[in-house]
Amino acid sequence: MNLTKKINTSIYKLSSWLDKYTMDGVYYGHDPFDTKECINKLKKHTLLDIPRKVLIEIDELINPKIIHKLFNIKPKINPKGQGLLMYSFAHLYELEQDPQNLIKAKNIAKWLKNNSSKNYDDLCWGYPFDWHSKIFIPKDTPSTIVTTAIGDGLHKLHTITKEQKYLDDCMSICNFLDTKLNISKEKNNTFCISYTPIDHFQVHNANLFTAEFLIRIGTLCNNQKWIDKGLKAAMFSVNEIKSDGSLYYWSKNQNKNAFNSQDIYHSGFEIRCLYNIWKTTQNKIFEKAYKNYLAFFTNKYFTNEKYLFKFTPNKTFPVDIHSCSEAIITLTTVIKDHPEYLDLLNKSINWTIDNMQSKKGWYIYRIVKKSYFTYKINFPYLRWGQSWMLRALSSAYEISKKN
């Protein structure tokens with residue numbers, strides 16, 4: 001089977017499985033943070049700390065189904081997952097002109113428009129669960145990561161259909177990003193934009209997602225204020241790039257939160273943002289930044305051993321579906337300007353389909369290693385796995401058809 005046909009078959013199997021889990025035009029399922037939300041509630045009780053740790057081990061290293069049944073965790077609609085699927089179906093329509101894919105993308109857009117975070121004038125979305133990242137962040141708190149992922153899907157719909165309402169929605173998102181987030185103290189005419197309206201985090205991937213979206217839509221709408229703000233935020237991250245070309249997850253000011261933390265998918269996010277900013281602005285500073293980071297990415301996150309992807313520069317396991325999907329998306333994003341990575345991209349696509357897709361069409365969560373044993377965690381997380389993989393496969397399909 002040639003690669004294009006293989007990708008197309010994988011897309012068909014995955015989308016057919018997804019279609020079994022629809023409600024009101026959107027898709028529902030489980031998420032890794034659903035179980036974490038329940039388990040973390042045990043933190044309040046010191047006596048329950050040991051069983052909590054056992055539950056985490058069961059959830060992450062044995063079988064998440066056990067925890068889902070124990071806590072009676074129901075599937076949810078995750079706005080970020082919907083945004084990724086909206087982009088994917090719109091992209092697939094762009095490639096194949098199957099009207100069903102456009103209907104799916106538009107149905108998701110309609111649901112998202114009607115289910116934006118409450119108490120905000122502009123469009124924004126958060127996660128459907130409480131989460132902890134140094135502070136407690138309640139469910140549905142608008143997040144830059146969630147909101148820009150949805151913005152990408154809406155922008156793709158506008159590009160394809162030329163319908164003004166989707167551009168209007170993108171502009172509403174930019175108003176939120178511009179007015180409701182916290183800004184770090186300005187340094188050298190740069191600053192970092194927060195993760196949510198209630199934190200003061202300096203997280204590079206969140207900062208760059210916001211910066212890239214403001215610059216992209218600002219350029220499209222000729223809004224210089226958004227462009228300038230995006231450039232200042234993007235330069236904050238560029239100024240923190242290390243000598244090897246990469247970024248840590250946290251800024252230098254907040255690196256103590258998770259010392260020198262790096263992983264393949266956050267690095268991929270940052271490279272894509274820097275690349276897209278360069279494509280929009282043609283600013284040589286961003287060209288140099290993404291190229292140096294891409295060299296680090298391809299040298300440090302891939303291996304010629306049995307398991308192609310590494311989770312961190314120094315650790316292979318877990319081989320996470322999020323890592324696989326982001327590796328594919330990052331390479332497809334830059335491949336037009338870097339055909340030298342076509343072989344690596346094809347290997348990534350083949351390996352992921354062969355090793356991570358189940359017979360039913362969904363993609364497994366992880367391959368883990370415990371002592372001398374290596375085994376698969378077979379669980380179909382929607383936002384974390386299936387949504388990202390459909391996004392990756394749609395991009396891979398486009399590239400394979402051209403090559």
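Reading the values: the criteria
Residues numbered from 1 in each chain as written. Predicted model: local features only at pLDDT ≥ 70, side-chain atom pairs only at ≥ 80, totals over all residues. Heavy atoms only, no water. Helix = DSSP H or I, 4+ residues; strand = E, 2+ residues; numbered from the N terminus. Rg over C-alpha atoms; globule rule 2.2 N^0.38 Å. Buried < 20%, exposed > 50% of the residue type's maximum accessible area, 1.4 Å probe, protein only. Axes fitted to C-alpha atoms, helices over the stretch in contact; angles between N-to-C directions. Parallel < 35°, antiparallel > 145°, perpendicular 65-115°, else oblique. Left-handed = near helix turned anticlockwise from the far one by under 90°. Contact = heavy atoms within 4.5 Å. Nonpolar A, V, L, I, M, F, W, Y, C, P; charged D, E, K, R; others polar. Pairing = 2+ DSSP bridges. Phe/Tyr/Trp six-rings, centres within 6.5 Å; stacked < 30°, edge-to-face > 60°. Lys NZ or Arg CZ within 6 Å of the ring centre and 35° of its normal. Salt bridge = Lys/Arg side-chain N within 4 Å of Asp/Glu carboxyl O.

K.L.:
Any chance you could break down the overall build of the protein chain for me, citing the residues and the numbers?
P.N.:
Helix and strand counts for the protein chain come out as 15 helices and 7 strands. The globule rule puts the C-alpha radius of gyration for 403 residues at 22 Å, and the 20 Å found for the protein chain is close to it. In terms of overall dimensions, the protein chain has a C-alpha envelope of 55 × 55 × 45 Å along the principal axes. For the protein chain, the proportion of its 403 residues judged to be buried stands at 60%.

K.L.:
How would you explain the packing of helix α12 (residues 284–300) against helix α13 (residues 321–334) if you had to name every residue and give the values?
P.N.:
Axis separation between α12 and α13 bottoms out at 12 Å; the angle between their running directions is 140°. The orientation of α12 relative to α13 falls into the category oblique. Here α12 and α13 pass one another in a crossing that is left-handed. Contact with α12, carried on its side by Tyr290, Leu294, Phe297 and Thr298, involves Ala327, Thr330, Leu331 and Val334 of α13 and no other residues of that element. A breakdown of the residues in the contact of α12 with α13 according to their chemical character gives 6 nonpolar, 2 polar and no charged.

K.L.:
Run through the environment of Leu95, naming residues and quoting values.
P.N.:
With respect to the element layout, Leu95 can be found in helix α5 (residues 79–96). Taking C-alpha positions, Leu95 is 34 Å from Gly245, a pair spaced 150 residues apart along the chain. Discounting chain neighbours no more than four positions away, the residues touching Leu95 are Ser394, Tyr397, Glu398 and Lys401.

K.L.:
Hey, could you go over the pairing of strand β7 (residues 373–377) for me, with residue numbers and the actual values?
P.N.:
In terms of strand pairing, strand β6 (residues 366–370) meets β7 through 5 bridges, oriented antiparallel. Of the residues in β7, the one forming a bridge with Lys369 is Thr374. Between β6 and the antiparallel strand that follows it, β7, lie 2 residues; Ser371 among them carries a positive phi value of about 55°.

K.L.:
Any chance you could break down the packing of aromatic side chains for me, citing the residues and the numbers?
P.N.:
Within the structure shown, the criterion is met by 28 aromatic pairs. The rings of Tyr293, Phe296, Phe297, Tyr301, Phe302, Tyr307, Phe309, Phe317 and Trp351 are connected pair by pair, giving a single aromatic cluster. Directly above the aromatic system of Tyr87 lies the positively charged group of Arg391, at a separation of 4.0 Å from the ring centroid.

K.L.:
Can you lay out the pattern of salt bridges for me, pointing to particular residues and giving the numbers?
P.N.:
With the rule as written, the count across this model stands at 22 salt bridges. In this structure, the salt-bridge partner of Glu96 is Lys401, at a minimum N-O distance of 2.9 Å. Residue Glu96 is located in helix α5, and its partner Lys401 is located in helix α15 (residues 382–402); the two are separated by 305 residues in the primary sequence. Note on Glu96: relative accessible area 41%, which makes it partly exposed. The salt bridge partner of Lys229 is Asp178, with a shortest N-O separation of 3.1 Å. Taken as a pair, Lys229 in helix α10 (residues 224–238) and Asp178 in helix α8 (residues 164–179) lie far apart in primary sequence, 51 residues in all. Here Lys229 matches Asp178 in class, with each residue buried. The network of salt bridges with shared partners includes Lys106, Glu163 and Lys165.

K.L.:
Describe in detail the pairing of β6, supporting the description with residues and values.
P.N.:
Judged from the 2 bridges that link them, strand β5 (residues 319–320) and β6 form a sheet pairing that is antiparallel. Bridge pairing in β6 places Asp320 opposite Arg366.

K.L.:
An account of the environment of Ala396 is needed here, citing residue identities and associated values.
P.N.:
Positionally, Ala396 belongs in helix α15. Counting along the chain gives 48 residues from Ala396 to Ser348, while the straight-line C-alpha distance between them is 10.0 Å. If we ignore the near neighbours within four places in the chain, the residues touching Ala396 are Ile7, Ile328, Thr332 and Ile349.

K.L.:
Can you tell me about unusual backbone geometry, naming the residues and giving the values?
P.N.:
In this structure, Pro318 follows Phe317 across a cis peptide bond, with omega equal to 0°. Turning to its location among the elements, Pro318 is positioned in the loop between α12 and β5. Even without being a glycine, Asp24 presents a positive backbone phi close to 55°. Following the sequence through the fold, Asp24 ends up in the loop between β1 (22–23) and β2 (26–27).

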